[in-house]
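A closer look at the structure
Spelled out from the first residue to the last, the chains are:
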Amino acid sequence: MTENVIETISELRNQEGKDILLVGGGELISMLLTADLIDEMQICYVPVILGKGISLFSEQPKESKWKLTESNVYENGVFTVIYQRE
């Protein structure tokens, strides 16, 4: 999905059905957070140092509060956390 992201997701949220799973980076997350369209975030930390990259929460203009609901550490060192909007 590259066009009308906010409008498309808003329309999907108003339809009957199950949860919507979106996988993306900082730009997508920032757009959706600004539009209050995220209820839960699942963040995966991979123990690899990249040196440079794109900020996960780039251009996030307002504060929002989240509650940690789950965390997991796997044998390969990957760490996942799940947050829900308060």
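Before any of the text, the structure's been laid out above.
Predicted, not measured: the structure shown is a model, and the values here were computed from it.

1. Some details on the sheet that holds strand β1 (residues 40-45)
Hydrogen bonds between backbone groups are what pair the strands of a sheet, and the pairing can be parallel or antiparallel. Spatially, 3 strands are ordered β1-β3-β2 in an open sheet, and the strand pairing comes out antiparallel. Strands with a single pairing partner mark the edges of an open sheet, and in this sheet they are β1 and β2 (66-73). Averaged over all neighbouring strand pairs, the angle between strand axes comes to 20°, with direction disregarded.

2. Remarks on unusual backbone geometry
Despite not being glycine, N4 shows a phi value in the positive range, around 55°. Residue placement: N4 occurs in the segment before α1 (5-13).

3. What about the environment of V5?
Note on placement: V5 falls in helix α1. With 57 residues separating them along the chain, V5 and K62 place their C-alpha atoms 20 Å apart.

4. Some details on helix α2 (residues 26-34)
Residues lying three or four places apart along an α-helix face the same way, a consequence of the helix completing one turn every 3.6 residues. For α2, the full list of buried residues reads G26, I29, S30, L32 and L33. Where α2 is buried, its residues contact α1, β2 and β3 (79-85).

5. Comments concerning the layout of surface pockets
Here the largest pocket is characterised by a volume of approximately 900 Å³. I20, L21, L22, I38 and E40 are, among the 26 residues lining the largest pocket, the residues nearest its centre. Mapped onto the lining of the largest pocket, the elements with two or more residues apiece are α1, α2 and β1. Top contributing element to the lining of the largest pocket by residue count: β1, with 5 residues. Split by residue class, the lining of the largest pocket holds 15 nonpolar, 5 polar and 6 charged.

Reading guide: rules and limits
Residues numbered from 1 in each chain as written. Predicted model: local features only at pLDDT ≥ 70, side-chain atom pairs only at ≥ 80, totals over all residues. Heavy atoms only, no water. Pairing = 2+ DSSP bridges. Helix = DSSP H or I, 4+ residues; strand = E, 2+ residues; numbered from the N terminus. Axes fitted to C-alpha atoms, helices over the stretch in contact; angles between N-to-C directions. Buried < 20%, exposed > 50% of the residue type's maximum accessible area, 1.4 Å probe, protein only. Contact = heavy atoms within 4.5 Å. 1 Å grid on protein atoms, 1.4 Å probe; cavity = no way out; pocket = protein on both sides within 12 Å on 5 of 7 lines; lining within 4 Å. Points joined across faces, edges and corners; volume = space filled by probe spheres on them. Nonpolar A, V, L, I, M, F, W, Y, C, P; charged D, E, K, R; others polar.

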